[in-house]
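Inside the fold
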Amino acid sequence: MEQDLTQGSISKVLLRFVLPFLGASILQFLYSVVDMIIVGQFADAAAISAVNTSGQIMQLITGLISGIATGGTVLIGQHVGAKRYPSVSSVAQALLALCLGLGVLLTAIFLAGNHFIISIMQVPAAAVLPAQEYLRITSLGILFIAGYNGISAILRGLGDSKRPMYFVGCSCILNIFGDLLLVGGFRMGAAGAALATMLSQAVACILALLSLLRGTLPFPFSCNPRKAQPAIMGQVLRLGIPLAAQDVLVNLSFVMITAIVNHMGLTQSAAVGVVERIIGFGMLIPIAFLSALSAFTAQNVGARELERTKSGLKLSILLCLVVTGVFTGVIECFPGAVSRLFTSDRAVVSNCILYLRTYSLDILMVSFVFCFNGFFSGYGKTTFTMLNCVLSTFLVRVPLVYLFSILPNTSLLLIGIAAPTASLVQIIMQLVYYRAGSWKRIEQVS
């Protein structure tokens with residue numbers, strides 16, 4: 001159902017939109033978390049390392065597809081705000097065609113390049129075979145990831161964040177039962193976790209597609225890629241490619257960091273895998289505000305309610321900081337207890353505690369970063385958000401991780417400093433760009 005984000009109390013509109021999105025993000029995140037928890041309880045450190053390494057690669061793919069889809073969300077939101085519903089239909093067709101085509105291409109690439117991809121990740125020897133199995137199976141689910149993200153992007157551009165939550169909620173329940181059966185019951189390890197995840201993604205995609213074809217949209221729509229207009233696909237790509245590049249390159253940096261830490265040893269590799277799940281959960285809050293603010297800003301830009309967009313940005317930052325502050329405080333006070341939810345290995349837990357002490361501060365920093373990114377994306381300024389993120393990641397975070405990893409007697413405590421440092425650089429650049437005001441020049445969409 002369509003929701004008008006240009007009218008009413010800003011706080012109520014934002015919360016009404018962001019809460020279902022946050023719920024969907026939490027449920028979607030549970031795919032990887034449940035894998036890690038159940039694998040950690042029923043398998044060994046090699047399986048944990050395999051799920052983490054291959055999971056990082058699949059996250060890179062999801063980021064690529066999600067970036068393109070978010071470009072469609074922004075374009076749809078601007079048309080909805082301006083009440084141009086025939087154009088919304090055309091954008092939806094183009095977006096879905098792009099996502100599905102990308103899904104087919106990536107599936108072929110990752111199935112063919114499985115062994116090469118795992119080899120360049122410097123996976124510990126004991127984890128190579130399970131990592132290959134996990135990546136091979138989850139690659140079969142890329143098309144489902146593409147379909148779900150494309151349809152969800154259409155709905156969110158319309159202001160509907162509830163239905164995507166329902167879709168992923170059903171599939172998440174299936175994923176939990178699948179993990180318990182295949183990993184806990186049949187002891188299939190990383191392969192069982194991958195199979196459960198892939199089947200769950202298929203359920204989310206099918207439910208989303210069925211909902212879209214029920215005819216509940218405020219415009220005519222049919223799932224026929226041949227109806228996609230090249231010019232509109234180009235508009236989606238113009239907005240989406242910088243976001244996709246940003247997601248891919250940032251996730252690639254995580255892959256590089258994982259490879260660097262893998263070189264430190266199996267225990268450190270497993271600890272990084274656990275901590276990434278913990279931090280990733282905290283990041284869902286800023287991510288939810290980023291996506292909600294993108295749609296909110298896009299609709300209000302379309303309606304030329306520009307002062308409303310700035311008020312939405314300030315309120316989002318405040319709300320996001322409150323929630324992430326509580327989450328970060330819990331992690332800092334109880335790092336061992338949180339880590340033991342994922343693994344009972346004492347050596348892994350000890351390294352998790354070290355990494356969390358410094359890395360968890362990044363959750364607070366990205367509350368600013370992601371809210372600004374959502375705001376600028378809603379104005380169509382996706383190139384700036386990409387450049388800012390990529391430069392801080394590859395000129396600050398990755399070099400610092402490498403530098404700290406080769407120091408004598410180094411530890412994950414030191415490596416964790418790199419993330420909040422890179423985010424601080426992003427915040428400084430965002431404030432400079434905001435004060436400069438060039439984002440106020442709105443590009444017309446047709």
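Below or above, wherever it landed, is the structure these notes cover. Predicted model only: the values in this text are computed from it and were never measured.

Digging into the state of the cysteines
The tally for this structure, following the rule as stated, stands at zero disulfides. With no disulfide of its own, Cys389 lies closest to Cys371 among cysteine sulfurs, the gap being 15 Å. With a relative accessible area of 8%, Cys389 lands in the buried category.

Some details on the pattern of salt bridges
By the definition in use, this model includes three salt bridges. Where Glu307 meets Lys310, a salt bridge forms, and the shortest distance between an N and an O atom there is 3.0 Å. Residue Glu307 and its partner Lys310 are located together in helix α11 (residues 306–333), separated by three residues, close to a single helical turn. Accessibility expressed as a relative area gives 55% for Glu307, which makes it exposed. Note that Glu332 is salt-bridged to Arg357, the shortest N-O span being 3.8 Å. Separated by 25 residues along the polypeptide, Glu332 in helix α11 and Arg357 in helix α13 (residues 346–359) bring together distant segments of the chain.

So, the packing of helix α2 (residues 45–81) against helix α3 (residues 85–112)
At a minimum axis separation of 9 Å, α2 and α3 run at an interaxial angle of 170°. Comparing their axes, α3 and α2 come out roughly antiparallel. Here Ile57, Ile61, Leu64, Ile65, Ile68, Ala69, Gly72, Leu75, Ile76, His79 and Val80 of α2 come into contact with α3, specifically with Tyr85, Ser87, Val88, Val91, Ala92, Leu95, Cys99, Leu102, Leu106 and Phe110. A breakdown of the residues in the contact of α2 with α3 according to their chemical character gives 18 nonpolar, three polar and no charged.

Basis of the calculations
Residues numbered from 1 in each chain as written. Predicted model: local features only at pLDDT ≥ 70, side-chain atom pairs only at ≥ 80, totals over all residues. Heavy atoms only, no water. Disulfide = S-S within 2.5 Å. Buried < 20%, exposed > 50% of the residue type's maximum accessible area, 1.4 Å probe, protein only. Salt bridge = Lys/Arg side-chain N within 4 Å of Asp/Glu carboxyl O. Helix = DSSP H or I, 4+ residues; strand = E, 2+ residues; numbered from the N terminus. Axes fitted to C-alpha atoms, helices over the stretch in contact; angles between N-to-C directions. Parallel < 35°, antiparallel > 145°, perpendicular 65-115°, else oblique. Contact = heavy atoms within 4.5 Å. Nonpolar A, V, L, I, M, F, W, Y, C, P; charged D, E, K, R; others polar.

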